[in-house]
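Working through the structure, step by step
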There are 2 protein chains.
Amino acid sequence: MDIGGLGEFSLIASIRRRMEGKYPPEVALGIGDDCAVLQPQAGMEWVITTDTQVEDVHFRREWLTPYQIGWRAMAVNLSDIAAMGAQPFGALAALALPAAIEAAFFDQLLDGLCDLGLRHQCPLVGGNLARDPAHLSLTLTVLGHVPRSHSVRRGGARAGDDIWVSGQLGGSAAGLRTFLQTIPLADPVCTALRRRYTQPQPRVREAIFLRASGCLTSMIDLSDGLAGDLGHLCEESGVGAQIVAAALPLQAGVREVSAVLGEDPLELALRGGEDFELCCTARPGTLGSLLDGFRAQFGIDLTRIGSMTSERSLQLVHADGSQALLSPQAFDHFHG
Amino acid sequence: MDIGGLGEFSLIASIRRRMEGKYPPEVALGIGDDCAVLQPQAGMEWVITTDTQVEDVHFRREWLTPYQIGWRAMAVNLSDIAAMGAQPFGALAALALPAAIEAAFFDQLLDGLCDLGLRHQCPLVGGNLARDPAHLSLTLTVLGHVPRSHSVRRGGARAGDDIWVSGQLGGSAAGLRTFLQTIPLADPVCTALRRRYTQPQPRVREAIFLRASGCLTSMIDLSDGLAGDLGHLCEESGVGAQIVAAALPLQAGVREVSAVLGEDPLELALRGGEDFELCCTARPGTLGSLLDGFRAQFGIDLTRIGSMTSERSLQLVHADGSQALLSPQAFDHFHG
């Protein structure tokens, strides 16, 4: 049975049933009316973001399972909520789908989307289903809450602040390249790289931990690549940054993939994009004491990769002391 | 110059500049960060909706100007906010576009989207731009506010309530048919019908007026056609409805278009869809005294078209007293 045969309203009813009993106190009315109704809680501010995943632009059906297509659409949005230091609490899913999509495919896509959402207390509170004859297109909008005046923005970094990144870089771009080209890699390494692309982990809890430390001055998630995203952060803050090349935490396998492709492995970290790690700035010397606790709680590292500078440029410092000016050019969806 | 040449970040910067100084108090931070930051106001609840317009499914580029494409994408969402009796205050626009779209086309699309939004105090507070090689696809998410516990829902209608609709019905579907087929019609009539399809007017102020009367028990906007939408309302309220065929306020030209096509003109009102009028229920005899004020303020009528019933079916009563059971089947986006 394809979803055309099931019909729009039967699909919406099935999503509504999935969400029964799963709404947090902020959601007074979920799926089933013209709008969802939300109840702001005292002392909180809310954040909201939206992001689209288009088939054959952001993913191909032969690379991702239906479950991963749904997961990824939720992940990229949760990562933006995380970048504000906020707790997600509800999502709207606008799904445009060919009518010939099988019901089982649709169910698995929703499984991925809802599994990741509910892991982070973020049920679907609304959405829209439309026919798209060309391809799958998934636009999610996600809401989060954060104590009033405590959202972490891009514009708060100051010269002298330390720059930190969570986890490891370059994995997603390297994983994507293994789909595009056969690259000799040990199976577990290849699987781990691909997983960074197919099922990214938004750093929601990690971001709340960091925000709650009170040390952060700014934060952004790494969706377009470190050079571009840190470039955005510098621009909003009116400062520059100096990154230490040797400090960049490259994921295992990134060097091997780069070697096969004849690329500089740093490029995958700086411009590869879609690692969905956090990049944050903190007052000098303040986050160091939290590193062990962070690693113990989340199983990933927090790495200091450089400092903010008063000179408004983005510099990469190599091991021999030489410096290169990084163009802040991020991944551009129309050039990409 | 096409938008591929301008690039994603230049386009975002231009949208951001458009919105400077236009944010209401609810918007603490608009375009330019990972998320928009929102400040709930005391005593209010919020409503949120999302809707997608896909090229060649919901519209064709030869039917709509770029301005109207943008207008329509905003209108269909504002209509859902209106259906709750809420005041919109911010929108997120996730636009997926072919890179070959001209910069002037993109600007005009934004003009339409922003003009209608700002007429209703609803600026863009965020969004996403993605490449879509196949076609235009516009997903808007709109937020609104309404005094706490005063949102008007689908589930509050009771047997005996009067059923009312704003404005006139069938015009959008008739207008659409004039694009599909040459139909002999006086120019002003044809223009008025087409305008219902190309540039619908969401009934935001009208809905707030009606909600503030305190008489409403339920409301829905007419996007799928009266039969389908009233069917949703009946289902959520656990009641039925009886509609008087002769009372349905058909727009001028609907009968002529139906005659040419050999269709029943009532079908265009009942199933044509996309009129984006309001359908509401009120306690018996309560709204009548407001009709003159409504007409004077908004230039459109409010028409009583029937009553809610305890029998859970949707009946159409003809002038000769005969009754027909209406299937509540609404427009289905996968069958449509």
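Residues numbered from 1 in each chain as written. Chains lettered and ligands numbered in written order. Predicted model: local features only at pLDDT ≥ 70, side-chain atom pairs only at ≥ 80, totals over all residues.

**Some words on the nonpolar core**
If you look at the biggest cluster of nonpolar residues, it comprises 205 residues, and the most contacted ones within it are A:Val47, A:Cys279, B:Val47 and B:Cys279. Those residues in contact with A:Cys279 that lie beyond four places of it in its chain are A:Ile163, A:Val165, A:Ile220, A:Leu222, A:Leu226, A:Asp229, A:Leu230 and A:Leu233. (Core = buried A, V, L, I, M, F, W, Y, C linked by C-beta atoms within 7 Å. Buried ≥ 20, exposed ≤ 12 C-beta atoms within 10 Å, placed from the backbone. Contact = placed C-beta atoms within 7 Å.)

**Some points on the pairing of strand β4 (residues 87-97) of chain B**
Residue and element names in this part refer to chain B. For β4, the tally of buried residues reaches 11 of 11 residues, placing the bulk of the element in the interior. Here nine bridges tie β4 to strand β6 (residues 137-147), and the two strands are oriented antiparallel to one another. Its bridge partner lying in β6, Pro88 is registered against Gly144. Strand direction decides the pairing type here: β4 and strand β5 (residues 124-131), joined by seven bridges, are parallel. Note on β5: the bridge partner recorded for Leu95 is Leu129. Handedness of the crossover joining β4 and β5 through helix α4 (residues 103-119) is recorded here as right-handed. (Helix = DSSP H or I, 4+ residues; strand = E, 2+ residues; numbered from the N terminus. Pairing = 2+ DSSP bridges. Right-handed = clockwise from strand over helix to strand, strands pointing away.)

**Regarding the pairing of strand β11 (residues 302-309) of chain A**
Examined bridge by bridge, strand β7 (residues 162-166) of chain A and β11(A) share five bridges and lie antiparallel to one another. Opposite A:Val165, over in β11(A), you have A:Thr303 as the bridge partner.

**Overview of the relation of the copies chain B and chain A**
Take chain B, turn it by 180 degrees, move it 0.0 Å along the axis, and it overlays chain A with an RMSD of 0.0 Å. What we have between these two chains is a two-fold relation. Of the residues that chain B buries at the interface, 100% are likewise interface residues in chain A, meaning the two copies contact each other through the same surface. (Least-squares fit on C-alpha atoms with pLDDT ≥ 70 in both.)

**Overview of the sheet that holds strand β1 (residues 27-29) of chain B**
A sheet is described by the order of its strands in space; here six strands give the open sequence β5(A)-β4(A)-β6(A)-β3(A)-β2(B)-β1(B), paired in mixed fashion. Both edges of this open sheet fall to β5 (124-131) of chain A together with β1 of chain B, since each of them pairs with a single strand only. Going across the sheet, the axis of each strand differs from the next one's by a mean of 25 degrees, ignoring polarity. (Axes fitted to C-alpha atoms, helices over the stretch in contact; angles between N-to-C directions.)

**Some details on the environment of B:Leu226**
Residue placement: B:Leu226 occurs in helix α8 (residues 226-237). Residues B:Leu226 and B:Leu278, 52 residues apart in the sequence, show an inter-C-alpha distance of 9.7 Å.

**Structural notes on helix α6 (residues 187-198) of chain B**
Residues and elements named next belong to chain B. Given a rise of 1.5 Å per residue, 12 residues ought to cover 16 Å, and the 16 Å separating the end C-alpha atoms of α6 matches this to within 8%. Leu193, Arg194, Arg196, Tyr197 and Thr198 are the residues of α6 that are buried. Where the residues of α6 are buried, they touch α3 (66-83) and α5 (171-180). (Expected span 1.5 Å × (residues − 1).)

**Some remarks on the domain arrangement of chain A**
A common measure of how large an interface is: the accessible area buried when the components associate. Residue and element names in this part refer to chain A. Domain annotation of chain A identifies domain 1 (3-147) and domain 2 (154-325). Placing the centre of domain 1 and that of domain 2 at their C-alpha centroids yields a distance of 27 Å. Looking at the side of domain 1 that touches domain 2, the elements with two or more residues in it are α3 (66-83) and β4 (87-97). With 11 residues, the top contributor of residues to the side of domain 1 that touches domain 2 is α3. Split into classes, the residues belonging to the side of domain 1 that touches domain 2 amount to 10 nonpolar, five polar and two charged. (Domains from an automatic or database assignment. Nonpolar A, V, L, I, M, F, W, Y, C, P; charged D, E, K, R; others polar.)

**Observations concerning the interface of chain B and chain A**
Each partner contributes to the interface: chain B provides 58 residues, whereas chain A provides 58 residues. Grouping the amino acids of the side of chain B that touches chain A by side-chain chemistry returns 27 nonpolar, 17 polar and 14 charged. Where strand β3 (residues 44-54) of chain A lies against strand β2 (residues 36-38) of chain B, three bridges are found, and the strand directions are antiparallel. Counted as the bridge partner of A:Val47 is B:Val37 from β2(B).

**Digging into the sheet that holds strand β13 (residues 323-325) of chain A**
All names here are of chain A. Sheet architecture is open: seven strands sit in the order β8-β10-β7-β11-β9-β12-β13, paired in mixed fashion. Pairing within the sheet leaves two strands with one partner each, and these edge strands are β8 (216-221) and β13. Between one strand and the next, the sheet's axes are offset by a mean angle of 25 degrees, whatever the strand orientation. Strand direction decides the pairing type here: strand β12 (residues 314-317) and β13, joined by three bridges, are antiparallel. Bridging from a neighbouring strand, Val317 pairs with Gln323 of β13. Each of β8, β9 (240-244), β10 (278-282) and β12 touches helix α8 (residues 226-237); the most contacted strand, β8, lies at about 140 degrees to it.

**Thoughts on the environment of A:Gln251**
Residues and elements named next belong to chain A. Examined against the element boundaries, Gln251 turns out to sit in the loop between β9 and α9 (254-261). For Gln251 and Gly167, which are 84 residues apart along the polypeptide, the C-alpha to C-alpha distance reads 8.5 Å. Contacts of Gln251, omitting those with residues within four sequence positions, involve Gln168, Leu169, Gly170, Gly171, Leu193 and Arg196.

**Remarks on α5(B)**
Residue and element names in this part refer to chain B. By the criterion of burial, α5 is predominantly enclosed, with eight of the 10 residues buried. Turning to α5, its buried residues are Gly171, Ser172, Ala173, Ala174, Gly175, Leu176, Arg177 and Thr178. For α5, the secondary structure elements touched by its buried residues are α6, α9 (254-261) and α10 (265-271).

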